[in-house]
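Each chain is listed here by its residues.
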Amino acid sequence: MGVAEGFFERVDTGRFLATAFTRGPWDERSQHAGPPAALLGRAVEERAGAREDMRIARITYEILRPVPIGELEITTSVVRAGRGTEVVEAALAPAGAAPVMLARALRIRVAREAVPAVVPGPELPPPGEVAQTPFELPWEIGYHTAMETRFVAGAFAEPGPGTCWMRMRVPLIAGEEPRPLDRVLIAADSGNGISAVLDFGRYVFVNGDLTVHLHRHPVGEWACVEARTSVDAAGIGLADARLHDEKGPIGRSAQSLFVAPR
């Protein structure tokens, strides 16, 4: 069998086959939540009848159970449609089974006339000035090999806040050009790993959700996650991150964490 050419292969309309590149750090049978988050985000933007004058300003994911590596189906529906905003839901499920991941997106109409822009400028070294940072896992192929990572501050093996540029090495869907939104959503779920404050070998710190706010549509191949994690003794944590592209900040992401000894 040859090496897959994307995180997913398109089977049919709304049906996809997850490849080994989606494999996450916690279980070799389950996906990192980044690839399915990006896939659901694309489904929201590409659904039948989607308005081209709107874009995602906020998308929240509920991770109901581990997302298996296998064939998956996506369904979408419009919850509310207005003149200036709309709310769209999307569900991801193994073929013939209950959903394992849900998304609810707020899309806002792009202004017909330009409004005054208040945009912070670039604050980080560009990725080309930062050395690559590998992330070692027991399995040879997974999300960790399909993403290029370059830490500006911190490291996967260094507890505490971290800032990491990330770039996809393979397309989201084999044979289809990646989009800037794909690149941000696939990276945003890595905040808890980038800013891990506990020993990966002794504790799990798995997120049950992910929310991404975008005040500006991303551009380019690179996304940067500037993250920090807080953990309470009750075993509940929060990974909070600023998101950047090479032109500057574009939004924020947050993950609620289940924290427990292995």
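As shown above, the structure is provided for reference.
Note that the structure is predicted; figures quoted are calculated from it, not measured.

Parameters at a glance
Residues numbered from 1 in each chain as written. Predicted model: local features only at pLDDT ≥ 70, side-chain atom pairs only at ≥ 80, totals over all residues. Heavy atoms only, no water. Helix = DSSP H or I, 4+ residues; strand = E, 2+ residues; numbered from the N terminus. Rg over C-alpha atoms; globule rule 2.2 N^0.38 Å. Buried < 20%, exposed > 50% of the residue type's maximum accessible area, 1.4 Å probe, protein only. Contact = heavy atoms within 4.5 Å. Pairing = 2+ DSSP bridges. Phe/Tyr/Trp six-rings, centres within 6.5 Å; stacked < 30°, edge-to-face > 60°. Polar contact = N/O pair within 3.5 Å; in protein donor to acceptor, adjacent residues only side chain to side chain. Core = buried A, V, L, I, M, F, W, Y, C linked by side-chain atoms within 4.5 Å. Salt bridge = Lys/Arg side-chain N within 4 Å of Asp/Glu carboxyl O.

Visitor: Tell me about the overall build of the protein, residues and numbers included.
Guide: Tallying secondary structure elements over the protein gives 4 helices and 13 strands in all. Computed over the C-alpha atoms, the radius of gyration of the protein is 18 Å, within 12% of the 18 Å expected from 2.2 N^0.38 for a compact globule of 262 residues. Relative to its full complement of 262 residues, the protein shows a buried share of 48%. Considering only contacts in the protein between residues 6 or more positions apart, those separated by 24 or more positions represent 65%.

Visitor: Tell me about helix H3 (residues 180–188), and please be specific about residues and values.
Guide: The element H3 is largely enclosed, with a buried count of 8 among its 9 residues. Those residues of H3 not exposed but buried are Leu181, Asp182, Arg183, Val184, Leu185, Ile186, Ala187 and Ala188.

Visitor: Can you explain the environment of Pro94? Please cite residues and give values.
Guide: Residue placement: Pro94 occurs in strand E5 (residues 85–94). Take Pro94: its relative accessible area is 16%, and that puts it in the buried class. It is 20 Å that separates the C-alpha atoms of Pro94 and Tyr143, two residues lying 49 residues apart in sequence. Residue contacts for Pro94: discarding those within four places in its chain leaves Pro68, Glu71, Leu72 and Val100.

Visitor: Explain the pairing of strand E11 (residues 222–231) to me, using residue names and the numbers behind them.
Guide: Pairing between strand E8 (residues 158–168) and E11: 6 bridges, direction antiparallel. Among the inter-strand pairings, Thr163 is bridged to a residue of E11, identified as Glu226. As paired strands, E11 and strand E12 (residues 236–245) are joined by 8 bridges and run antiparallel to one another. For Val225, the partnering residue across the bridge sits in E12 and is Leu243.

Visitor: A description of the packing of aromatic side chains should follow, citing residues and the corresponding values.
Guide: Going through the model one piece at a time under the given rule, you end up with 5 aromatic pairs. Consider the rings of Phe7 and Phe21, whose centres lie 6.5 Å apart with planes at 65°: the pair is edge-to-face. Of this pair, Phe7 sits in the segment before strand E1 (8–12) while Phe21 is found in the loop between strand E2 (15–18) and helix H1 (34–46), placing the two residues 14 residues apart along the sequence. Classification of Phe7 as buried rests on a relative accessible area of 0%.

Visitor: Explain the environment of Ile74 to me, using residue names and the numbers behind them.
Guide: In this structure, Ile74 sits in strand E4 (residues 71–81). Residue Ile74 is classed as buried on the basis of its relative accessible area of 11%. Among all residues touching Ile74, those that are not within four sequence positions of it are Gly14, Phe16, Leu39, Leu40, Ala43, Ala91 and Leu92.

Visitor: Just give me the short version of the environment of Gly34, but keep the residues and values in it.
Guide: With respect to the helices, strands and loops of the structure, Gly34 is situated in helix H1. Along the sequence, Gly34 and Gly24 sit 10 residues apart, while their C-alpha atoms lie 8.9 Å from each other. The contact partners of Gly34, leaving out residues within four places of it in the chain, are Leu185, Ile186 and Asp189.

Visitor: Residues and numbers for the side chain of Asp182, please.
Guide: Structurally, Asp182 is set in helix H3. Within the structure, Asp182 has its side chain in polar contact with the backbone nitrogen of Arg179 (distance 2.9 Å). Non-local contacts of Asp182, meaning those with residues more than four positions away in its chain, are made with Ala38, Arg42, Met168, Leu172 and Glu177.

Visitor: A description of the nonpolar core should follow, citing residues and the corresponding values.
Guide: Side chains that are nonpolar tend, in soluble globular proteins, to be buried together. Core analysis: the largest hydrophobic core is formed by 52 residues, its most contacted members being Phe7, Tyr61 and Met101. Residues in contact with Met101, not counting those within four places in the same chain, are Ala33, Pro36, Ala37, Leu40, Tyr61, Glu62, Ile63, Val67, Ala90, Ala91 and Leu92. Listed in part, the 5 residues of the second largest apolar core include Phe205, Ala239, Leu257 and Val259.

Visitor: Break down the pattern of salt bridges for me, with residues and values.
Guide: Following the criterion strictly, the structure yields 18 salt bridges and no others. Residue Arg15 is joined to Glu71 by a salt bridge in which the shortest nitrogen-to-oxygen separation is 2.4 Å. Of this pair, Arg15 sits in strand E2 while Glu71 is found in strand E4, placing the two residues 56 residues apart along the sequence. For Arg15, a relative accessible area of 27% puts it in the partly exposed group. Residue classification places Glu71 among the partly exposed positions, given a relative accessible area of 29%. Among the salt bridges present, the one from Asp240 reaches Arg252, with a minimum N-O distance of 2.7 Å. Taken together, the residues Asp240 in strand E12 and Arg252 in strand E13 (residues 248–261) connect sequence positions 12 residues apart. Given the relative accessible area of 37%, Arg252 is considered partly exposed. Salt bridges sharing common partners tie together Arg10, Arg42, Glu176 and Asp182.

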